[in-house]
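Structure at a glance
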Amino acid sequence: MNITTISYLRNRKKRQQKFASLTVYDATFASLCEQHGISVMLVGDSLGMTIQGHDSTLPVTLDHMIYHTRCVRRGATKSWLLADLPFMCYATLSQAYESAAELMRAGANMVKLEGGFWITKTVRCLTERAVPVCCHLGLTPQFVNIFGGYKIQGRDKDSADRLLADAVALERAGAQMLVLECVPVALAECVTRTLAIPVIGIGAGAVTDGQILVMQDVLGITGDRAPSFARNFLVDCEDIPNAISLYVQEVEAGKFPTEQHSFY
Ligand code: KIV
């Protein structure tokens, strides 16, 4: 396996070759994922829920993210590694610089930030200082208390138009990747077509350039907290390596997600 770069991922988009990505929090799973076709991994602040047992991502600190990013980088040396900037660690420009630098030193290739046009200045400043940025739009979990729960976003025309305008503004500011979470398929398709940068969907239909899921959902170990857009791949396989391979195959072939895992 070659080292994965942002130009490789951009070329995949141009060639319409879909790619699969997973959240990973430790070295064992990172290594397993790299061996089974996952070349883009996210150390997500979802670890606040999956690893720490909280009911949101808000309690996750920068130190937690640094620790898990180091663990994942030791297990996956060739993958493109994204790390989340956690809640309130990029509220000011200087906070964003310090936090992003720590995650990059820990082994991340790119940092992920939640938010729309209001973070364009942060995106531009980070990019100018050699930090690749992925933005996250739609259901941004750090905004759970503003949204009043984990709800699908961009359902009406006004909010869909706003989301598309935010995506364009973020790309212009220098964002090199976008995660789109829990939005209707038509909106995801429009954003994916409009942007030149790779768009990774979660609960956004099969129309995006890449897919991402939370590892625990793919393995069916989230219990009754599993979201409707996720699929348990382990149930159709003998073991975890085969479940990861099946997920990769289904995403690359455009077979996952199906209509059942999408919003309209
Ligand atoms: O934190 C996370 O795991 C994420 C994914 C759900 C995209 O942001």
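Note that the structure is predicted; figures quoted are calculated from it, not measured.

**Considerations on the packing of helix H8 (residues 157-173) against helix H9 (residues 185-194)**
Each pair of packed helices gets described by two things: the angle between the helix axes and the distance between those axes. Two numbers describe how H8 lies on H9: the axes approach to 10 Å, and their chain directions differ by 25°. Regarding the angle of H8 to H9, the classification is roughly parallel. The two elements H8 and H9 cross, and the hand of that crossing is right-handed. From H8, Ala160, Leu163, Leu164, Ala167 and Val168 reach across to H9, where they touch Leu187, Cys190, Val191 and Thr194. Split by residue class, the contact of H8 with H9 holds 8 nonpolar, 1 polar and no charged.

**Observations concerning the UniProt feature "binding site: 3-methyl-2-oxobutanoate" (unreviewed entry) in the protein**
UniProt records the feature "binding site: 3-methyl-2-oxobutanoate" (unreviewed entry) for Asp45, Ser46, Asp84 and Lys112 in the present numbering. Taken together, the annotated residues stretch across 68 residues yet fold into one region, lying no more than 12.4 Å apart by C-alpha. Considering only the residues just annotated, the largest cavity is lined by Lys112. Counting through the fold element by element, Asp84 comes out in strand E3 (residues 80-84). For Asp84, the residues in contact, after removing those within four places along its chain, are Leu42, Val43, Gly44, Asp45, Met65, Leu103 and Lys112. Excluding anything up to four places from it in sequence, Lys112 contacts Leu42, Ala83, Asp84, Leu85, Cys134, His136 and Val179.

What counts as what
Residues numbered from 1 in each chain as written. Predicted model: local features only at pLDDT ≥ 70, side-chain atom pairs only at ≥ 80, totals over all residues. Heavy atoms only, no water. Axes fitted to C-alpha atoms, helices over the stretch in contact; angles between N-to-C directions. Helix = DSSP H or I, 4+ residues; strand = E, 2+ residues; numbered from the N terminus. Parallel < 35°, antiparallel > 145°, perpendicular 65-115°, else oblique. Left-handed = near helix turned anticlockwise from the far one by under 90°. Contact = heavy atoms within 4.5 Å. Nonpolar A, V, L, I, M, F, W, Y, C, P; charged D, E, K, R; others polar. UniProt positions renumbered as here; feature names shortened; annotations may be inferred. 1 Å grid on protein atoms, 1.4 Å probe; cavity = no way out; pocket = protein on both sides within 12 Å on 5 of 7 lines; lining within 4 Å.

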